[in-house]
Amino acid sequence: MASSVAVLGSGILGSSTALFLARGGARVAVFDAAEAPFSRTSRWNEGKIHLGYLYSADTSLRSACGLIPGGLAFKRLTEELIGCPIDDLATPQNDTYLVHRDSVVPADEFAAYVERVADLVDSHPDAPDYFVDLTKVRPRTLGRDEIAADFESEIVVAGVRVPERSVSTVPVSERFVDALRAEARIQLVMGTRVTAVRLGGPSPSGPLLVETERGIEGPFDLVINALWEGRPAIDASFGILPCAAWTHRYRVSLFATTQDAVSIPSFVLVVGPFGDVKAYGPRDVYVSWYPAGLLIEGSRLAPPDVPALSEPARAAIVEATLDGITRAIPSLGALRDARPEIRLEGGWVYAIGEGSLADRHATLHRRDRIQVVREGSYISIDTGKYSIAPWLARRVADELLGR
Ligand SMILES: Cc1cc2nc3c(=O)[nH]c(=O)nc-3n(C[C@H](O)[C@H](O)[C@H](O)COP(=O)(O)OP(=O)(O)OC[C@H]3O[C@@H](n4cnc5c(N)ncnc54)[C@H](O)[C@@H]3O)c2cc1C
């Protein structure tokens, strides 16, 4: 095993990889442009621990098959990494998938897809390791009367309750940061933008140098690129390009903490550019409305600049998000009444894929090309999803540690 490793990026992927490697005996330097670990996309996302139900436009099931093992392993591996249980940080109820009248996948096809995914999930050997024992719970289709009672039936044409959970990403982040700081073999090199990775000598499998805005660091026996939105540009400095067309999208959502307890279900409107709500507990609620929260997208190696938002622009996004989602679920008006303190925060979605979510055939509806690329001592990992990061990190670390 290499004794000196540079991990680029301190989100969930870089941090998980650094922790596994350090605990396996390596000395690990973790570089990040942010001033503190876990302060970007891994801190501010919805935290759905995917079982594949979201990717019904990919009828090949390749996206679901790629996400299921990491989703099932998330709880076990995260608890190992941070050293404490996370049950209390997860949504306490099953998620409800609501089929929007403009869904790119018709309701009957969606229902059939859910059954196929449930078969894959509950026959997997790790099914009991999820937040609920998935060998014991099946999806349940909502009746017309249930839909009419809780949702706007002009907009919601069908619904299925599935045993999928989400975690509240802010407290998970804080526990990861504590674990990183407690690990003597990890050196955190924050506030340091990486600009390139170069060979340190003539051998392609030899030591590597990390170029940063502050100067050159290294040599390192291994460099692991876990930079998410920044990853393709650094890969390109090392001569590696994405395997197919890709997209960077910057999305903001509402992270609300209410003063009064509210009883709100977790649900997601599918399939297309809609939104979702996650209720992690009686006071912590996540709300997104895709048309309001998508600030910018691009398809170059480096992501476009995130537009600066004035206070009135932020307030307008908050209102448009609440309005968009409340049209489909009128009972969400309760969130406004519960005196919420709302933070508008966001992050990047990098994906191999392109097109519009309103187009069924857009490759953005797939997550089937999440890759780990290795060239000599350089390894580049596409996280793909928050939910699979600890599992990807474990695979990479086990291979490097010879396990
Ligand atoms: C609104 C939203 C909702 C989402 N919901 C879900 C969900 O429900 N479930 C799910 O599984 N996934 C979800 N995702 C995707 C998920 O958040 C990401 O896949 C995951 O957080 C990426 O983790 P990471 O460690 O790769 O990246 P990050 O957490 O972004 O970490 C990468 C780090 O690299 C640093 N960096 C980048 N470039 C450079 C550079 N050149 N030099 C130095 N540092 C650099 C950044 O500062 C950052 O700290 C969502 C994303 C968004 C935006």
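Residues numbered from 1 in each chain as written. Predicted model: local features only at pLDDT ≥ 70, side-chain atom pairs only at ≥ 80, totals over all residues.

1. Some points on the packing of helix H2 (residues 62-82) against helix H3 (residues 107-122)
Thought 1: In the contact formed by H2 and H3, the axes pass within 10 Å of each other and the chain directions differ by 35°. In this structure, the crossing between H2 and H3 has a hand that is right-handed. When H2 is examined against H3, the residues Ala64, Cys65 and Ile68 are found in contact with a partner set consisting of Val117, Leu120 and Val121.
Thought 2: Here the contact of H2 with H3 is composed, by residue class, of six nonpolar, no polar and no charged. (Axes fitted to C-alpha atoms, helices over the stretch in contact; angles between N-to-C directions. Helix = DSSP H or I, 4+ residues; strand = E, 2+ residues; numbered from the N terminus. Left-handed = near helix turned anticlockwise from the far one by under 90°. Contact = placed C-beta atoms within 7 Å. Nonpolar A, V, L, I, M, F, W, Y, C, P; charged D, E, K, R; others polar.)

2. Notes on the sheet that holds strand E9 (residues 215-220)
Thought 1: An order of E7-E8-E9 is seen for the three strands of this open sheet, with the pairing classed as antiparallel. The open sheet has two free edges, formed respectively by strand E7 (194-199) and E9, since each of these has just one partner strand. Each neighbouring strand pair of the sheet contributes to a mean axis angle of 20°, computed without reference to strand direction.
Thought 2: Inspection of the sheet shows strand E8 (residues 208-212) paired to E9 by four bridges, in the antiparallel sense. Across the sheet, Val210 pairs through a bridge with Glu217, a residue of E9. (Pairing = 2+ DSSP bridges.)

3. Quick look at the site of the ligand
Thought 1: The environment of the ligand is made up of 36 residues, and the closest members are Gly11, Ser42, Lys48, Trp228 and Gly230.
Thought 2: Secondary-structure elements contributing two or more residues to the shell around the ligand are helix H1 (12-23), strand E11 (246-258) and strand E16 (340-352).
Thought 3: No other element matches E16, which puts four residues into the shell around the ligand.
Thought 4: For the shell around the ligand, a count of residues per class yields 13 nonpolar, 15 polar and eight charged.
Thought 5: Both domains that meet at the shell around the ligand, namely domain 1 (4-41 + 173-243 + 371-400) and domain 2 (93-165 + 245-365), each give it at least three residues. (Near = placed C-beta within 6 Å. Domains from an automatic or database assignment.)

4. What about the sheet that holds strand E2 (residues 27-31)?
Thought 1: Pairing within the open sheet is mixed, and its six strands lie in the order E6-E2-E1-E10-E18-E17. Strand pairing shows two members of the sheet lacking a second neighbour, strand E6 (186-189) and strand E17 (372-375), which therefore form its edges. Recorded for the sheet is a direction-independent mean angle of 15° between the axes of neighbouring strands.
Thought 2: When strand E1 (residues 4-8) meets strand E10 (residues 222-225), the two strands line up parallel, connected through four bridges. Bridged to Ala6 within E10 is Val223.

5. Brief notes about the packing of H1 against helix H5 (residues 169-182)
For any two helices packed against each other, one specifies the crossing angle of their axes together with the interaxial distance.
Thought 1: Direction vectors running N to C along H1 and H5 enclose 35°, while the axes themselves pass 10 Å from each other. For H1 against H5, the interelement crossing comes out left-handed. In contact with Ile12, Ser15, Ala18 and Leu19 of H1, H5 contributes Phe176, Ala179 and Leu180.
Thought 2: When the residues that make up the contact of H1 with H5 are grouped by side-chain class, the tally is six nonpolar, one polar and no charged.

6. Observations concerning the domain arrangement of the protein
Thought 1: Once the domains are mapped, the protein shows domain 1 (4-41 + 173-243 + 371-400) and domain 2 (93-165 + 245-365).
Thought 2: Averaged C-alpha coordinates put domain 1 and domain 2 at centres separated by 30 Å.
Thought 3: Each side of the interface is counted separately: domain 1 has nine residues, and domain 2 has nine residues.
Thought 4: Its residues assigned to classes, the side of domain 1 that touches domain 2 comprises six nonpolar, one polar and two charged.

7. Observations concerning the pairing of E2
Looking down a regular strand, the side chains alternate between one sheet face and the other.
Thought 1: With four of its five residues buried, E2 lies for the most part within the structure.
Thought 2: Across five bridges, the pairing between E1 and E2 is parallel. Opposite Ala6, over in E2, you have Ala29 as the bridge partner.
Thought 3: After leaving E1, the chain enters H1 and then returns to the sheet as E2, a path that is right-handed.
Thought 4: Pairing of E2 with E6, which is carried by four bridges, proceeds in the parallel orientation. When the bridges of E6 are listed, Ala29 appears paired with Gln187. (Buried ≥ 20, exposed ≤ 12 C-beta atoms within 10 Å, placed from the backbone. Right-handed = clockwise from strand over helix to strand, strands pointing away.)

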